[in-house]
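A structural walkthrough
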Amino acid sequence: MCGIIGYTGKGRAEKIMLDALELLEYRGYDSAGIALLKGGSAQIVKGTGRVRDLRKLCADQKPEGTCGIGHTRWATHGGVCDANAHPHRFGHITLIHNGIIENYRELTEKYGLEGRLKSETDSEVAAAVLEHFYTGDPYSAIRRTVLKLKGTFALAIMFDDQPDKIFAVRNVSPIVAAVTPGGAILSSDVAAIVPYTAVYFVLPEFHVACLKPDGIEMYDLSGDREEIEWLKVDWDVTRSGKGGYPFYMEKEIMEQPQVIEETIRPRIKDNMPDFSSEGIPDKVFSACQRICVIACGTAMHAGLVGKSLIQAMIGIHVDVVMASEFMYNDPVVDKDTLVIAISQSGETIDTLEALKFARKCGSPSISIVNVKGASIARESEYVIYTNAGPEIAVASTKAYTTQLAVLYLVTARMAVARGLWGSEKIRNFIKELLRVPEVMKKILDTKDEIHRLAGTILNARDVFMIGRGLDYSILLEGSLKLKEVSYIHSEAYASGELKHGTIALITEDTPVIAVVTQEKLKSKELSNIREVQSRGARVLLLIKENETLDEGEKWSCIYRLPQMEDPFMVMPASIVLQLIAYYVSLDKGLDVDKPRNLAKVVTVE
Ligand code: AGP
């Protein structure tokens, strides 16, 4: 999950690439570098640290040129050090790489590279193999090299004697490219391209693109010229900035009412759920006997909410499987299993590989993806795009709630397709879904109160989050948010399970966040909360605004959630937990958008 950029044209490649790397930095940020091709060689400037540190190196070393490649790294092979930063150079070859070349050791041996490499990376081995095959024809060298590589790669390559040209080839790891005014550009994702143009294309796997100052040519591996399938960015380009917020995470939390509206409105016609624009026939929803959701992280937590909704309202079994585990646990999926792959980036390799496996088993598939044209979207039979717009913060917020919005619509469409609900029930469900944006706005208006609540756990070492059923699913996501942006150890626990062991960890003043939003679970949840309170826990309770509580109860603090039908309470509760995590990280002075060790898109298994 690194960020790659390439530019060739009339502009100043150094500036264009440094600006682009800043937009790509959320993909990986332990080191960065650029290389500029000029006068038959490449000048490389690179080192550990952020893009701002690379800018300082460039100011000192003053690289010149109008053709170059650049990279932000999330280390996979080899530690974080200057030598392992990209770009890498070997002989006539300069390249950058995103992915993992699994057979780099065999290649090192096969091509006698021991003692000739300057880094510990698999990427430099790829450069050396390219050099081995290079006799003046880039396409031939690339074709012969690619056939030797095992694993995933997005490669951007410059050859010393091919001035002003950048070559690119990929397998699984993403590359998009575009023609800009007076040049051509490639990147790991469209965020770095939109400042120049809204028209781009996704480089198909095992195709070679050649970027030149006057355009782009594309060939298949046998050397035949191929037509480029152009796409258009359909979100507001200006929305890719911070919009005046200190961090993207806050901006993206605040955007949720708008993007949820933009996600659900196009799929509601005459107050009925409608996926005709996605071309999904009702038989996909009516024929399946079970559902299997595959996803990672926050997307998986969205799947857990989908499971609760569909099982409760449709009555079919839903499995939610961690994509990284899916293929290794003998999954039982077949033509009667509808597979739903959920992914903000649409490039998470664990989810992509699991989806490919499920499709080989004959399962029909729908993906819920935020990035148009992403690999997972193209791999699935049908795709429902969330209209969240670019999500830059590593911690996913608006992508999560728009995934939920789609899952509410899928549940409703499934009820229609299976003839389970009358039109009145459907209309009421859709009416409640359409209330979500306004309810979220009410919560966002209380963000200062939530900021104060966040202050109660600012210095905590451990935070427990307890709830049952849907509340437990909400807290799994809330706990991940807190962990990944504040580095506080947090554990979401099914509150009924506490007494089977974990309650041993509750001592005087242990902070516990409890969510109680489901009427059918309330009394049990409240008694579980009393169990931890009686052992000294300091409880922050999230509960519906009109719930009555025993006067005698001592709550360290309560946040009253605006009232919605129980299945929809996920939305208001989630946004409160997002803000709590955000404010804790902000007040701890952390880099909220780029937490340590993380990257926005996980394209390694
Ligand atoms: C979410 O806050 C995390 N950054 C992470 O868990 C993320 O949800 C996960 O990596 C899946 O990413 P995807 O949605 O792009 O597939």
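You'll find the structure just up there.
**Examining the overall build of the protein chain**
- The secondary structure content of the protein chain amounts to 19 helices and 26 strands.
- Since a compact globule built from 605 residues should have a radius of gyration of about 25 Å, the 25 Å found for the protein chain is in line with a globular shape.
- When its C-alpha atoms are laid out on the principal axes, the protein chain stretches across 80 × 50 × 45 Å.
- Of all 605 residues assigned to the protein chain, the portion counted as buried reaches 62%.
- Sequence separation of at least 24 residues holds for 71% of the intrachain contacts in the protein chain that already meet a minimum separation of 6.
- As displayed, the protein chain has an accessible area near 22200 Å², and 50% of this comes from carbon and sulfur atoms.
- If you average the places of the 70 positive and of the 80 negative side-chain charges in the protein chain, the two averages end up 1 Å apart.

**Comments concerning the sheet that holds strand 6 (residues 93–101)**
- One open sheet holds the six strands; their spatial order is 5-6-7-8-12-13, and the pairing between them is antiparallel. At either end of the open sheet lies a strand with only one pairing partner, and these are strand 5 (88–90) and strand 13 (215–220). Geometrically, the sheet is characterised by an average inter-axis angle of 25° between neighbouring strands, direction not taken into account.
- Inspection of the sheet shows strand 7 (residues 151–159) paired to strand 8 (residues 166–171) by five bridges, in the antiparallel sense. Among the inter-strand pairings, A156 is bridged to a residue of strand 8, identified as A168.
- Against the sheet, helix 5 (residues 138–146) touches strand 7, strand 8, strand 12 (207–212) and strand 13, its axis set at about 20° to strand 8.

**A few points about the sheet that holds strand 20 (residues 365–369)**
- Within the open sheet, the five strands sit side by side as 18-17-19-20-21. Their pairing is parallel. What marks the edges here is a single partner per strand, and that holds for strand 18 (317–322) and strand 21 (382–385). Going across the sheet, the axis of each strand differs from the next one's by a mean of 20°, ignoring polarity.
- Pairing of strand 17 (residues 290–295) with strand 18 involves six bridges; the strand directions are parallel. What sits directly across from I294, in strand 18, is V321.
- Running over the sheet, helix 11 (residues 349–360) touches strand 17, strand 19 (337–343) and strand 20 and is turned about 165° from strand 19.
- Strands in contact with helix 13 (residues 398–417) are strand 17, strand 19, strand 20 and strand 21; relative to strand 19, the strand with the most contacts, it is inclined by about 160°.

**Looking at the pattern of salt bridges**
- Overall, the coordinates contain 28 salt bridges when judged by the stated rule.
- Between R267 and E278 there is a salt bridge, and its shortest N-O distance comes to 3.0 Å. With R267 in the loop between helix 7 (256–264) and strand 15 (268–269) and E278 in the loop between strand 16 (272–273) and helix 8 (282–287), the pair connects residues that are 11 residues apart, well separated along the chain. E278 matches R267 in its accessibility class, with the two residues each being buried.
- The structure contains a network of salt bridges with shared partners spanning K15, D19, E22 and R55.

**A look at the nonpolar core**
- Membership of the largest hydrophobic core comes to 102 residues, with the highest contact counts inside it found for I291, Y408, M414, I513, L542 and V576.
- Here the element with the most residues in this core is helix 19 (residues 570–587); it accounts for 12 residues.
- Not counting residues within four places of it along the chain, the set of residues in contact with Y408 comprises L309, F429, L433, P567, F568, V570 and M571.
- Counting residues in hydrophobic clusters, the runner-up holds 29 residues, among them Y104, V129, V169 and V208.

**What to know about the site of the ligand**
- The environment of the ligand is formed by 15 residues, the closest being S343, Q344, S345, T348 and E484.
- Here an oxygen atom of the ligand sits 2.7 Å away from a polar atom, N or O, in the side chain of S343.
- Residue T348 places a side-chain N or O atom 2.5 Å away from an oxygen atom belonging to the ligand.
- Within the complex, 90% of the 410 Å² of free accessible area of the ligand lies under protein.
- Within the residue set of the shell around the ligand, elements represented by two or more residues are helix 9 (297–313) and helix 17 (469–486).
- In terms of residue class, the shell around the ligand is built from six nonpolar, seven polar and two charged.

**Structural notes on the packing of aromatic side chains**
- For the coordinates displayed, the defined rule picks out 14 aromatic pairs.
- Aromatic pair Y408 and F568: ring centres 4.6 Å apart, planes at 10°, arrangement stacked. Of the two residues, Y408 sits in helix 13 while F568 sits in the loop between strand 26 (557–561) and helix 19, which places them 160 residues apart along the sequence.
- Since its relative accessible area comes to 2%, F568 is described here as buried.
- Cluster of aromatic residues (ring-pair linked, three or more members): Y134, Y139, F159, F167 and Y219.

What counts and what doesn't
- Residues numbered from 1 in each chain as written.
- Predicted model: local features only at pLDDT ≥ 70, side-chain atom pairs only at ≥ 80, totals over all residues.
- Heavy atoms only, no water.
- Helix = DSSP H or I, 4+ residues; strand = E, 2+ residues; numbered from the N terminus.
- Rg over C-alpha atoms; globule rule 2.2 N^0.38 Å.
- Buried < 20%, exposed > 50% of the residue type's maximum accessible area, 1.4 Å probe, protein only.
- Contact = heavy atoms within 4.5 Å.
- Areas by Shrake-Rupley, 256 points an atom, 1.4 Å probe, with all protein chains shown as cover.
- Lys, Arg positive; Asp, Glu negative; His and termini not counted.
- Charge placed at Lys NZ, Arg CZ, Asp CG, Glu CD.
- Pairing = 2+ DSSP bridges.
- Axes fitted to C-alpha atoms, helices over the stretch in contact; angles between N-to-C directions.
- Salt bridge = Lys/Arg side-chain N within 4 Å of Asp/Glu carboxyl O.
- Core = buried A, V, L, I, M, F, W, Y, C linked by side-chain atoms within 4.5 Å.
- Near = heavy atom within 4 Å.
- Polar contact = N/O pair within 3.5 Å; in protein donor to acceptor, adjacent residues only side chain to side chain.
- Nonpolar A, V, L, I, M, F, W, Y, C, P; charged D, E, K, R; others polar.
- Phe/Tyr/Trp six-rings, centres within 6.5 Å; stacked < 30°, edge-to-face > 60°.

By themselves, these observations are geometric and do not establish any function.
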